[in-house]
Amino acid sequence: LYFLEKKQVKGTILLANEGLNVNICCKKTLSDEIIKFIKSEINLKDMHVNAEIIEFMPFKKLKIKIKNEIIKSGFTADENLIKKNTYVNPDEWDQLINDKITIIDTRNRFEFALGTFRGAIDLDLLNFSDFEKNIIELKNINKNKKVAIFCTGGIRCEKASLILEKSGFKNIVQLK
């Protein structure tokens, strides 16, 4: 915490057994140093980073929170189960959606309204915790056919994949 505050990093870092979610801002010249620091402190080998250059500091302070779950769903995404998930890269994804595959948007209704893939199913989620009860809307989908899911960062897809599998879906792929 001291290192990040000294570097004037602001935002939120969420830690849970199922992962790490970091949404922070810092000076562009420090971004590589900050990422390297977080990886070393948390002992991460693989970390997906989305970086954007912005004109203003959107956060007032730095918050680090320890939580039971990164995304509330009522269960922790077990690493051994997640390893079984099937991922596709963006090029493979483009081919899949051109083949008229069923696409499920695991994001909330606000994110869906901002934009989604053509033909994607909206589960009208206020929160991800509604996912399991809202997949009832998928009753007309053949659970043996391939289904493609996506989210913004990854943890929702990890959990959605497990929920869909538990609900009988046999062939789930998620956008990496």
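Look a little higher up for the structure.
Let us look at the structure shown here.

1. Quick notes on the overall build of the protein
Move 1: Looking only at helices and strands, one finds 7 helices and 8 strands in the protein.
Move 2: A principal-axis box enclosing the C-alpha atoms of the protein has dimensions of 55 × 30 × 30 Å.
Move 3: Within the protein, buried positions represent 35% of all 176 residues.
Move 4: Pairs at least 24 apart in sequence give 66% of the contacts found in the protein among residues at least 6 apart.
Move 5: Accessible area of the protein: about 11,800 Å², with a carbon and sulfur share of 49%.
Move 6: The positive charge centre, built from 30 side chains, and the negative charge centre, built from 24, are 3 Å apart in the protein.

2. Side note on the sheet that holds strand 3 (residues 62-66)
Move 1: With mixed pairing, 3 strands are arranged side by side in an open sheet as 2-1-3. In this open sheet, the two strands that pair with only one neighbour each are strand 2 (19-25) and strand 3. Between one strand and the next, the sheet's axes are offset by a mean angle of 5 degrees, whatever the strand orientation.
Move 2: Bridging between strand 1 (residues 10-16) and strand 2 involves 7 bridges; their strand directions are antiparallel. Considered in strand 2, the bridge of alanine 16 is made with glycine 19.
Move 3: Here helix 2 (residues 31-42) sits on the sheet and contacts strand 1 and strand 2; the angle it forms with strand 2, its principal contact strand, is near 155 degrees.

Definitions and limits used
Residue positions are given per chain, counted from 1 along the sequence in the order it is written. This being a predicted model, a pLDDT of at least 70 is required before a residue's local features are given, and a value of 80 or more before pairs of side-chain atoms are given or counted; all residues contribute to the totals for chains, interfaces and linings. No hydrogens and no water enter the side-chain calculation; it runs on all heavy atoms of the structure. Secondary structure follows DSSP: runs of H or I at least 4 residues long count as helices, runs of E at least 2 residues long count as strands, and numbering of each begins at the N terminus. Each residue gets one of three labels from its accessible area relative to the maximum for its type: buried under 20%, exposed over 50%, partly exposed in between, using a 1.4 Å probe on protein chains only. Residues count as neighbours in contact if any of their non-hydrogen atoms are within 4.5 Å of one another. Accessible areas in this description were obtained via Shrake-Rupley with a 1.4 Å probe; residue shielding takes into account the shown protein chains only. By the counting rule applied here, Lys and Arg register as positive and Asp and Glu as negative, while His and the ends of each chain are not counted. Just so you know, the charge point we use is NZ for Lys, CZ for Arg, CG for Asp and CD for Glu. Any two strands between which DSSP finds at least two bridges are classified as paired. Each axis is a line fitted through C-alpha atoms, and for a helix only the stretch in contact is used; angles between axes span 0 to 180 degrees, taken between their N-to-C directions.

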